[in-house]
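Descriptive structure summary
The chain contents come next:
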Amino acid sequence: MTFSNVGRELAPAEDGDSSVRLLHRLDVQEGPTGDGIAKGPHVGLVLDVETTGLDVERDAIIELAMRRFRYDDQGVITHIDRAYEWTEDPGKPIPPEIAMLTGLRDEDVAGQIIDDEAAVRLLRSATIVIAHHSRFDRRWVERRLEGAQGLAWACTMEQVDWRSRGFDGRSLGFLLCQAGWFHDGHRAGADVDAVIQLLRHPFEDGRTALADLLERSASPSWVVRAVGADFSVKDLLRSRGYRWDPARKTWWTEVTDDERGREEFWLAANVYSTSARALGPTFEEISATTRFL
């Protein structure tokens, strides 16, 4: 079954009104996609988790979904595997706001458990594990599943330059609509399929979003920590894209290998020139296996 999305983001209304854009309900099917010329030799896996809250130490996973796909050297998805989904009883009531968001009720997860062996087997069969918010999903998966540590991860939210490709925003549902599709979001399985369809999306130059993602994921990058930065420059750091790490009590960001030198100069001119007590930034090289931890 072929379900290519080529051109659908520009599909006019049935009466030819070019001021109206049609959105198609997403229905990702198992099997060959009709794209590419052979069965791709590489295996990717998209996953998503739903949880009872944001605290990885105190909250719990209530739903885990995964789906593998095959892709070729050009980043074209050629085949899609079946969907795998598990619910799990968190051992306490699901908060009302989470139940409203996900549609999952206590009775839906009562007595249920993730199949650890199957989930780890699937994860370890993939060349790359992908989520739309890997800084969130990776921590939960590695905490819950023994044997899921040390895999290569990528993130469709952070590692595709959607803006330069003509998209606005970074939320999954909004990106999907701009690509010409809609889905019933906030359930793990539906969000997994949405990510897969975004990865298949062809840009104007013919490259897919997956190709861009894989290129960015394979490149080394650096976590920069503005150690000892004075309180007075916090707004400057925030506007630069730095985030506050409460555990380390420092501001940090991630830059590519090409951007490292420029970032050092910027920090020297704007952050460390203001305080003689500042220690100076630290740089930690990271790769797909150590990113998003």
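Residues numbered from 1 in each chain as written. Predicted model: local features only at pLDDT ≥ 70, side-chain atom pairs only at ≥ 80, totals over all residues. Heavy atoms only, no water.

Side note on the overall build of the chain
Within the chain one finds nine helices and 12 strands. On the principal axes, the C-alpha backbone points of the chain span a range of 65 × 50 × 40 Å. Across the 293 residues in the chain, those meeting the buried criterion constitute 49%. Long-range contacts, defined here as pairs at least 24 residues apart, represent 68% of the contacts in the chain between residues at least 6 apart. For the chain, the exposed area adds up to about 15,100 Å²; of that, 50% sits on carbon and sulfur atoms. Mean positive and mean negative side-chain charge positions of the chain (36 and 50 charges, respectively) differ by 4 Å. (Helix = DSSP H or I, 4+ residues; strand = E, 2+ residues; numbered from the N terminus. Buried < 20%, exposed > 50% of the residue type's maximum accessible area, 1.4 Å probe, protein only. Contact = heavy atoms within 4.5 Å. Areas by Shrake-Rupley, 256 points an atom, 1.4 Å probe, with all protein chains shown as cover. Lys, Arg positive; Asp, Glu negative; His and termini not counted. Charge placed at Lys NZ, Arg CZ, Asp CG, Glu CD.)

Side note on the pairing of strand S5 (residues 77-87)
Where strand S2 (residues 31-32) and S5 come together, two bridges link them in antiparallel fashion. Each bridged residue has a counterpart across the sheet, and for Gly31 the counterpart in S5 is Ile80. Here strand S4 (residues 61-71) runs beside S5; their pairing, made up of eight bridges, is antiparallel. Of the residues in S5, the one forming a bridge with Glu63 is Thr87. Counting the residues between successive antiparallel strands, the hairpin from S4 to S5 contains five residues, one of them, Gly75, with a positive phi of roughly 80 degrees. (Pairing = 2+ DSSP bridges.)

Describing the sheet that holds strand S9 (residues 221-225)
The antiparallel open sheet is built from four strands, whose spatial order is S10-S11-S9-S12. Two strands bound the open sheet, and with one partner strand each, they are strand S10 (243-245) and strand S12 (282-286). Each adjacent strand pair in this sheet contributes to an overall mean axis angle of 35 degrees, direction not counted. Strands S9, strand S11 (250-256) and S12 of the sheet are contacted by helix H9 (residues 260-270), whose axis makes an angle of about 150 degrees with S11. (Axes fitted to C-alpha atoms, helices over the stretch in contact; angles between N-to-C directions.)

Considerations on the nonpolar core
Counting residues in each nonpolar core, the largest one holds 32 residues, and the members touching the most others are Val46, Phe69, Ile77, Ile130, Trp162, Leu199 and Leu210. Listing elements by their share of this core, those giving two or more residues are S4, S5, strand S6 (128-131), helix H5 (172-178), helix H6 (188-200) and helix H7 (209-218). If one sorts the elements of this core by residue count, H6 sits on top with seven residues. Aside from chain neighbours lying at most four places away, what touches Ile77 is Thr33, Asp35, Phe69, Arg70, Tyr71, Ile196, Leu199, Arg200 and Leu210. (Core = buried A, V, L, I, M, F, W, Y, C linked by side-chain atoms within 4.5 Å.)

Some words on the pattern of salt bridges
This structure, assessed with the given rule, holds 23 salt bridges. When the shortest N-O distance is used, the salt bridge between Arg187 and Glu63 registers 2.8 Å. A residue pair is termed long-range when its members are at least 10 positions apart, and Arg187 in the loop between strand S8 (181-182) and H6 and Glu63 in strand S4 qualify at 124 residues. We note a salt bridge from Glu215 to Arg207, for which the minimum N-O separation is 3.0 Å. One salt-bridge network, held together by shared partners, links Arg135, Glu158, Arg243, Glu254 and Arg291. (Salt bridge = Lys/Arg side-chain N within 4 Å of Asp/Glu carboxyl O.)

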